[in-house]
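Secondary and tertiary structure notes
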Protein chains: 2
Amino acid sequence: MAESTTRTTRRTSVTGPLDGPEAAVILERVRASVDPELRAAVDSLPGSMRRIARYHFGWEHADGTPAAGNAGKAIRPALVLTAAAALGGPPARASAVPAAVAVELVHNFTLLHDDLMDRDTTRRHRPTAWTVFGDADAILAGDALQALALRLLAQDTNPASAAAAARLADCVVELCAGQHADTAMEKRGPGDVALDDVLAMAEAKTGALLGCACALGALYAGAADEDVAALDAFGREAGLAFQLIDDVIGIWGDPSHTGKPAGADLAARKKSLPVVAALTSGGPAAAELAALYAVPYDGEDEEGVARTALAVERAGGRDWAQAQAADRMARAMQELARAVPDPEEAGGLLSLAEFVTRRSN
Amino acid sequence: MAESTTRTTRRTSVTGPLDGPEAAVILERVRASVDPELRAAVDSLPGSMRRIARYHFGWEHADGTPAAGNAGKAIRPALVLTAAAALGGPPARASAVPAAVAVELVHNFTLLHDDLMDRDTTRRHRPTAWTVFGDADAILAGDALQALALRLLAQDTNPASAAAAARLADCVVELCAGQHADTAMEKRGPGDVALDDVLAMAEAKTGALLGCACALGALYAGAADEDVAALDAFGREAGLAFQLIDDVIGIWGDPSHTGKPAGADLAARKKSLPVVAALTSGGPAAAELAALYAVPYDGEDEEGVARTALAVERAGGRDWAQAQAADRMARAMQELARAVPDPEEAGGLLSLAEFVTRRSN
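Residue numbers here run from 1 along each chain, matching the order of that chain's written sequence. For naming, the first written chain is A and the first written ligand is 1, with later ones following in the order written. Local features are withheld for residues below a pLDDT of 70 in this predicted model, meaning they are given only at 70 or higher, and side-chain atom pairs are given and counted only at 80 or more; totals for whole chains, interfaces and linings count all residues. Each side-chain value is worked out from all heavy atoms of the structure, with water and hydrogens disregarded.

**Considerations on the overall build of chain A**
Applicable threshold: Put simply, DSSP H or I for four residues or longer makes a helix, DSSP E for two residues or longer makes a strand, and each gets a number counted from the N terminus. Using C-alpha atoms as the atom set, the radius of gyration is obtained and then compared with a globule rule of 2.2 Å times the number of residues to the power 0.38. Residue exposure (1.4 Å probe, protein chains only): buried if accessible area is under 20% of the type maximum, exposed if over 50%, otherwise partly exposed. Any pair of residues with heavy atoms lying within 4.5 Å of one another is described as a contacting pair.
The secondary structure content of chain A amounts to 17 helices and two strands. Expected size for 361 residues packed as a compact globule is a radius of gyration near 21 Å; at 20 Å, chain A falls within 12% of this value. Referenced to the eigenvectors of the C-alpha coordinate spread, the extents of chain A come out at roughly 60 × 50 × 30 Å. By the burial criterion, 58% of the 361 residues in chain A qualify as buried. The long-range share in chain A, meaning contacts at least 24 apart out of those at least 6 apart in sequence, stands at 74%.

Structural data, given as structure tokens:
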């Protein structure tokens, strides 16, 4: 699925020599310019908060000894810097580093809090911070990272920094509302969730920060309001495409790639996008799915998971999600072309959008 | 105790005709200018977050119907506006309203999170937000209020707003470290807590935001760096005096005034400032107190609470706290006189400092 969407998008957008630098190259360059500033920001925290943050970022083990470090792929900082470069060239890219760091800090603040709320025990193959330091410290470290993000922008003398801070703060509010909607939705019965509500939730929870990252890059490039808005929409649509594909992988993904057992989302009765599309499609397969979802998974019933996956597929959930993902990527490309008409200048952002929607783990 | 300190401070500072407007009058005026902006900020939140915040502020019942509203005394916004007025007159006071609202939002964000971490069930005579909406929503609403606070300053065009935002974000980090230290300290044995550590914790947890409020007012008045620093120190010292008096009241306060059973802090084995001063004083009373604190309170033993209070008193904890509070208030007055030499201009801040340290509930 991930591959087929990627191929679709490739066809509808640029190909071959117009492709920007490979995403992996971009991400490596971004890490090189963002990591020192990110570490300096985290190291400015008082000892107690610094320790939790450094553990969360993968720079330290729980006992404070240095760790190899796997702080995630830095997609969001890459979107900030690549958007800045696309609209303002290398000087804008260089100036936007504080915004890239701020976005990464906000992302990690929400991870610390979301892991706790969702009681997720693993993040980037390590125990989550709340399992190591307790609930209170995970809350406090998240609070401190949000403050750090907004302080970084408040201290930045770039003329775009105030608008960037206001936009990032707005995005935090949207992320909170999205996480609330997600939690509230999971508590409802399978028949009580509308597809539009899940799409709106996914946009707030996943699309908003990707859009904000692109918008901040545009702001630091001194772009016009409509270009900032177009880049925000580009990031949001790509984010929704990513979420749709991630949900498909959560059902039909190869466990050896995803690292999760097959159908884990179905076993957890998660109301992911393909599931809700299937539940709301009408017909016998939707009714069968609703009946399966009405009782909790019994823990061992692999055949039941397979039947559930088949019901989602037969009710059209898989096809719908694939078509939606392709549609969202097409819209993302339109928005990108509006703000950055030159395909060469748009190449980096395009590569990143394809990278996030292509990844299978 | 509260009264004797107040009397001491009155003697060491201004009296009679030089007293500024009464604190109650200031607080009422502040509510009138801050409340509309505070409500507008909260009402800009998405529905789910708005509902929790409006409940927390006392403007709504849990079912969303309007409530009479008891959103607290607005001490912190009053410090912002009164500091601005003291250093920059009425125009500075008027311009500082966004900063006053931001400080009040930060204060309430920390209340939402601290109540959850401390599992406190009552705030301003109502069930705390986490007991009504659950842990996740209390975390999210707190996160959203922090974002709202920093967004307000980011959107403010006043030349002081960026420095104010940076300072407020720094203060949030300090508040987080203070809350962490408090939680960590309560887990330690009674012999493992140093008096300096409790004082540092109280300064971070209570003094920092009162100091920050005063500093933000000074920034909006366009004050020189040393006056901003002096007003920060004034707020911090007054905050520590308040905490010392609050701790004394928590042990020896009249239950009909405090609304808490006599000795509630002792029964909870809280390592408050007078208790740690007593524990670290050496001598037989300190040893007796350590022995009493080494076993949990059995729930009914009123005589045991009285013995514990007596041990704190005999070990010098009460006298130390009273002397410290008086000393802190004297230092606060010195800092205030440094930044605002004219006693008439300093009158409002003086009244507020006396108000916070005088209150007995």
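**Describing the packing of aromatic side chains**
Threshold: Here the aromatic set is Phe, Tyr and Trp, taking the six-membered ring for Trp, and pairing holds for ring centres within 6.5 Å; pairs whose planes are under 30 degrees apart are stacked, those over 60 apart are edge-to-face, and all others are tilted. Any Lys NZ or Arg CZ that is within 6 Å of a ring centre and within 35 degrees of that ring's normal is treated as a charge sitting over the ring.
Taken as a whole, this structure holds four aromatic pairs over all chains when the rule is applied. Seen in terms of ring centroids, Phe57(A) and Trp59(A) are 4.8 Å apart; in terms of plane orientation they differ by 15°. Their pairing is stacked. The same class applies to Phe57(A) as to Trp59(A), namely buried. Lying over the aromatic face of Trp130(B), Arg119(B) brings its terminal NZ or CZ to 4.5 Å of the ring centre.

**Some points on the interface of chain A and chain B**
Put simply, the test is: Two parts placed together each lose some accessible area under a 1.4 Å probe, and adding up what both lose gives the buried area. We define a salt bridge as a side-chain nitrogen of Lys or Arg found within 4 Å of a carboxyl oxygen belonging to Asp or Glu. Pairs of N or O atoms are called polar contacts if they sit within 3.5 Å, as long as, within protein, a hydrogen donor faces a hydrogen acceptor (for residues adjacent in sequence, only side-chain-to-side-chain pairs).
Across the boundary between the two partners, chain A contributes 31 residues, which contact 31 residues of chain B. Roughly 2,700 Å² of surface becomes buried between chain A and chain B when both sides are summed, with 74% attributable to carbon and sulfur atoms. Together, Leu140(A), Val173(A) and His180(A) form the three largest contributors to the area buried by chain A at its contact with chain B, with a combined 18%. Remark: the boundary between chain A and chain B carries two salt bridges. Our count for the contact surface shared by chain A and chain B stands at 10 residue pairs in polar contact (both at pLDDT 80 or more). Among the secondary structure elements, those contributing two or more residues to the side of chain A that touches chain B are helix H3 (47-56), helix H5 (97-118), helix H7 (135-155) and helix H8 (161-187) of chain A.

**Topic: helix H15 (residues 302-314) of chain A**
Residue and element names in this part refer to chain A. Note the following rule: To estimate how far a helix should reach, multiply one less than its number of residues by 1.5 Å.
Given a rise of 1.5 Å per residue, 13 residues ought to cover 18 Å, and the 18 Å separating the end C-alpha atoms of H15 matches this to within 8%. Residues of H15 that are buried make contact with helix H10 (225-252), helix H12 (264-267), helix H13 (273-279), helix H14 (284-294) and helix H16 (317-339). Just beyond H15, the residue with positive phi is Gly316, at close to 90°.

**Focus on the packing of helix H9 (residues 195-220) of chain A against H10(A)**
Residues and elements named next belong to chain A. The condition that has to hold: For helices, the fitted line uses only the C-alpha atoms of the stretch in contact; every axis is such a line through C-alpha atoms, and the angle between N-to-C directions lies from 0 to 180 degrees. Our angle categories are set so that under 35 degrees counts as roughly parallel, over 145 as roughly antiparallel, 65 to 115 as roughly perpendicular, and the remainder as oblique. It is the rotation of the near helix from the far one that decides the hand of a crossing: anticlockwise by less than a right angle makes it left-handed, clockwise makes it right-handed. Lys, Arg, Asp and Glu make up the charged group, whereas Ala, Val, Leu, Ile, Met, Phe, Trp, Tyr, Cys and Pro make up the nonpolar group; the residues left over, Gly among them, are polar.
Closest axis-to-axis distance for the H9/H10 pair is 6 Å, and the angle between their directions is 140°. Put simply, H9 runs oblique to H10. Seen along the crossing, H9 lies across H10 with a hand that is right-handed. Residues belonging to the contact of H9 with H10 are distributed by class as follows: 14 nonpolar, six polar and three charged.

**Details of the environment of Ala68(A)**
Residues and elements named next belong to chain A. Within the secondary structure, Ala68 is located in the loop between H3 and helix H4 (75-95). Residue classification places Ala68 among the exposed positions, given a relative accessible area of 84%. Each C-alpha atom of the pair Ala68 and Glu186 lies 36 Å from the other, and the pair is 118 residues apart in sequence.

**A short note on the relation of the copies chain A and chain B**
Put simply, the rule is: Here the copies are matched by least squares. The fit uses the C-alpha atoms of residues with pLDDT of at least 70 in both.
The operation relating chain A to chain B is a screw motion whose rotation component is 180°, with 0.0 Å of axial translation and a residual RMSD of 0.1 Å. The operation mapping one copy onto its partner corresponds to a two-fold rotation axis. An overlap of 100% is found between the interface residues of chain A and their copies at the interface of chain B, pointing to a shared contact surface.

**Observations regarding the state of the cysteines**
Residues and elements named next belong to chain A. This is how the line gets drawn: The disulfide criterion used throughout: a pair of cysteine sulfur atoms within 2.5 Å.
Under the defined criterion, the tally for this structure stands at zero disulfides over all chains. You can see Cys176 has no disulfide; the closest cysteine sulfur is in Cys171, sitting 9.6 Å from it. With relative accessibility at 3%, the residue Cys176 sits in the buried group. Free of any disulfide, Cys212 has its nearest cysteine sulfur in Cys171, 4.2 Å distant.

**Quick look at the confidence of the model for chain A**
Selection rule: Along the chain, pLDDT gives the predictor's confidence residue by residue, from 0 to 100.
In this model, chain A carries an average pLDDT of 90, and 92% of its residues clear a pLDDT of 70 or more. Considering only residues more than four positions removed or in separate chains, one finds that residues 1-20 of chain A, a stretch of pLDDT under 50, has 35 contacts.

**Re helix H16 (residues 317-339) of chain B**
Taking 1.5 Å as the rise per residue, H16(B) with 23 residues should run 33 Å; its terminal C-alpha atoms sit 33 Å apart, in good agreement. Of the residues making up H16(B), those classed as buried are Gly317(B), Ala321(B), Gln324(B), Ala325(B), Arg328(B), Met329(B), Ala332(B), Met333(B), Glu335(B), Leu336(B) and Ala339(B).

**Here's the deal with the nonpolar core**
How we decide: For our purposes a nonpolar core is just a set of buried Ala, Val, Leu, Ile, Met, Phe, Trp, Tyr and Cys residues, chained together by side-chain atoms within 4.5 Å.
Among the nonpolar cores identified, the biggest contains 192 residues, and Leu105(A), Leu168(A), Leu105(B) and Leu168(B) are the most heavily contacted of them. Broken down by element, the residue count for this core peaks at 14 residues, all from H7(A). In this structure, Leu168(A) is in contact with Ala102(A), Val103(A), Val106(A), Leu150(A), Leu153(A), Leu209(A), Cys212(A) and Leu216(A), ignoring residues within four places of it in sequence. Counting residues in hydrophobic clusters, the runner-up holds 31 residues, among them Met201(B), Leu240(B), Leu292(B) and Ala309(B).

**Focus: the pattern of salt bridges**
Residues and elements named next belong to chain A. Considering all chains together, one arrives at 40 salt bridges over all chains under this definition. With its nearest N and O atoms 3.6 Å apart, the salt bridge here joins Glu313 to Arg318. Residue Arg318 is classed as partly exposed on the basis of its relative accessible area of 21%. What you see here is one network of salt bridges that share partners, running through Arg167, Glu174, Glu203, Asp232 and Arg236.

**Focus on a negative patch on the surface**
Put simply, the test is: To count toward a patch, a residue needs a relative accessible area over 30% and no salt bridge; like charges are then connected within 9 Å, while nonpolar side chains (Val, Leu, Ile, Met, Phe, Trp, Tyr) are connected within 5 Å. Per-residue and other accessible areas follow the Shrake-Rupley method at a 1.4 Å probe size, with only the shown protein chains counted as cover for residues. Under the counting rule used here, the positive set is Lys and Arg, the negative set is Asp and Glu, and His together with the chain ends is not counted. By convention, charge coordinates are those of NZ in Lys, CZ in Arg, CG in Asp, or CD in Glu.
A cluster of acidic residues, Asp298(A), Glu300(A), Asp301(A), Glu302(A) and Glu303(A), forms a negative patch on the protein surface. Relative to the assigned elements, Glu302(A) resides in helix H15.

**Focus on unusual backbone geometry**
Residues and elements named next belong to chain A. We note that His125 has phi near 65°; this positive angle belongs to a residue other than glycine. Its place among the elements puts His125 in the loop between strand S1 (122-123) and strand S2 (126-127). On the basis of relative accessibility, which here comes to 78%, the residue His125 falls in the exposed class. Positive phi outside glycine occurs at Arg269, with the angle close to 60°. The residue Arg269 is located in the loop between H12 and H13 in this model.

**Here's the deal with the side chain of Asn158(A)**
Residue and element names in this part refer to chain A. Among the structural elements, Asn158 can be located in the loop between H7 and H8. Given the relative accessible area of 17%, Asn158 is considered buried. Polar side-chain contacts of Asn158 include one of 2.8 Å to the backbone nitrogen of Ala160. Dropping the residues within four chain positions of it, Asn158 is found in contact with Ser95 and Tyr220.

**Thoughts on the environment of Ala84(A)**
Relative to the helices and strands, Ala84(A) is located in helix H4. If we ignore the near neighbours within four places in the chain, the residues touching Ala84(A) are Gly89(A), Ala92(A), Arg93(A), Ala96(A), Gly217(A) and Ala221(A).

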